[in-house]
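# Observations on the model geometry
Each chain is listed here by its residues.
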Amino acid sequence: MLKPPLKWAGGKRWLIPKLLKLWKKFPEHRLVEPFCGGLSVALGLNPQQALLNDVNPALINFYRQLQQGLTIDLPLANDEQLYYQYRKQFNDIAADNEVERAQLFYYLNRTGYNGLCRFNKSGGYNVPFGRYKTINYVSDFAPYQSVLSRWEFSNTDFANLTLQQNDFIYADPPYDVPFRQYSQQGFDWEDQVRLAEWLAKHDGPVVLSNQATDKIKKLYRDLGFSLRYLDAPRTISCKGDKRQSAREVLALRGF
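Nothing here was measured: the structure is a model prediction, and the numbers come from that model.

About the thresholds
- Residues numbered from 1 in each chain as written.
- Predicted model: local features only at pLDDT ≥ 70, side-chain atom pairs only at ≥ 80, totals over all residues.
- Heavy atoms only, no water.
- Core = buried A, V, L, I, M, F, W, Y, C linked by side-chain atoms within 4.5 Å.
- Buried < 20%, exposed > 50% of the residue type's maximum accessible area, 1.4 Å probe, protein only.
- Domains from an automatic or database assignment.
- Contact = heavy atoms within 4.5 Å.
- Pairing = 2+ DSSP bridges.
- Helix = DSSP H or I, 4+ residues; strand = E, 2+ residues; numbered from the N terminus.
- Axes fitted to C-alpha atoms, helices over the stretch in contact; angles between N-to-C directions.

## Digging into the nonpolar core
Counting residues in each nonpolar core, the largest one holds 55 residues, and the members touching the most others are Leu-39, Phe-62, Tyr-63, Phe-105, Tyr-125, Leu-148 and Trp-151. Structurally, this core is a two-domain feature, drawing no fewer than three residues from each of domain 1 (13-55 + 149-253) and domain 2 (71-140). Beyond its immediate sequence surroundings of up to four residues, Tyr-125 is in contact with Tyr-83, Arg-87, Phe-90, Asn-91, Phe-105, Leu-108, Asn-109, Leu-116, Cys-117, Arg-118 and Phe-119. Counting 22 residues, the second-largest nonpolar core is a separate cluster that includes Ala-212, Ile-216, Val-249 and Ala-251.

Next up, the structure:
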C-alpha cells in the first residue's frame, strides 16, 4: 500500500482497518470522498474507481500533477530562509502555473509546521516553518501515477458533486471545533448541517467521521444515522506528551 504523499493534520490512516470492514461489503462500488484531504483513505481502500474532491485548489492540483507523473526539480532543504522564500513564491505564483505550484506545495507541506495546511481569508498560505531535525523529501512520484490515474479529482463544494446511486461515500469534513480554516472559505456550523442533510439524501452507503460533540451526535442521530464511537489520536500539539486521544464518532447509513 502506498503511503500518503503529504503530511496531513487529522489524517485517517489509523482508521483504515475499521473502514476496510465496511468497504469490503461494497468492493465494486465507486468511492466518493467530498473531503479527500491527505488521501490516506483512498490509498488505504484502493478502489478501482473514485471521485475525490476537496475545496483546496492547491491540494487538488498537486494530485492532478501526480496523475501526470510529477517530478520535483526545485532544491529541497529543511532551511527556514528557503521555506519563507518558497512560501512567498507560492502565494505570488499564477494559478495556471500548475507544475511549479504543485512542487512548491509539496515542499511547504513537508517542511511547514506539523503537516498543517492553512490559508488566510485572502487565500494566502500562512503555515510557519516547521521544527524537524531531518526531512526525507521525495522528488520522483512515479509510483503514484498508475494508482491515481484510475481516479477522478475535483475541486468544488461537496454539494456540486454528481453522485451515482450506489456510490460509497466517506466524508471527513473539518471537525466541529474552533479551528476550521483549512481553506480560504472555512467550514461553519451551517456547512455541517448542509453536509449532513446532503449525506442523508444519498441512497448508497455513507460513512462520516467527526468529533463526537453533542451537536454533531444530535444532528446525525436526528437524520437517522447509526453512531459508533472511537478514540482517535491527536498529533497537532508541538509537544509529544500533550498529544492525547479524542473521542470521535462514525455516523453510518446504508449498512
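## Structural notes on the sheet that holds strand 2 (residues 50-53)
Hydrogen bonding along the main chain pairs the strands of a sheet, whether they run parallel or antiparallel. The mixed open sheet is built from 7 strands, whose spatial order is 3-2-1-4-5-7-6. Each edge of the sheet is formed by a strand with only one pairing partner; in this case those strands are strand 3 (151-154) and strand 6 (226-232). Across the sheet, the axes of successive neighbouring strands diverge by a mean angle of 20 degrees, strand direction being ignored. Sheet strands in contact with helix 1 (residues 16-23) are strand 1 (31-33), strand 4 (168-171), strand 5 (206-211), strand 6 and strand 7 (246-253), and its direction is about 160 degrees off that of strand 4. Helix 7 (residues 189-200) contacts strand 4, strand 5 and strand 7 of the sheet and is inclined by roughly 160 degrees relative to strand 5.

## Notes on the domain arrangement of the protein chain
Segmentation of the protein chain into domains returns domain 1 (13-55 + 149-253) and domain 2 (71-140). Domain 1 and domain 2 are separated by 26 Å when their C-alpha centres are compared.

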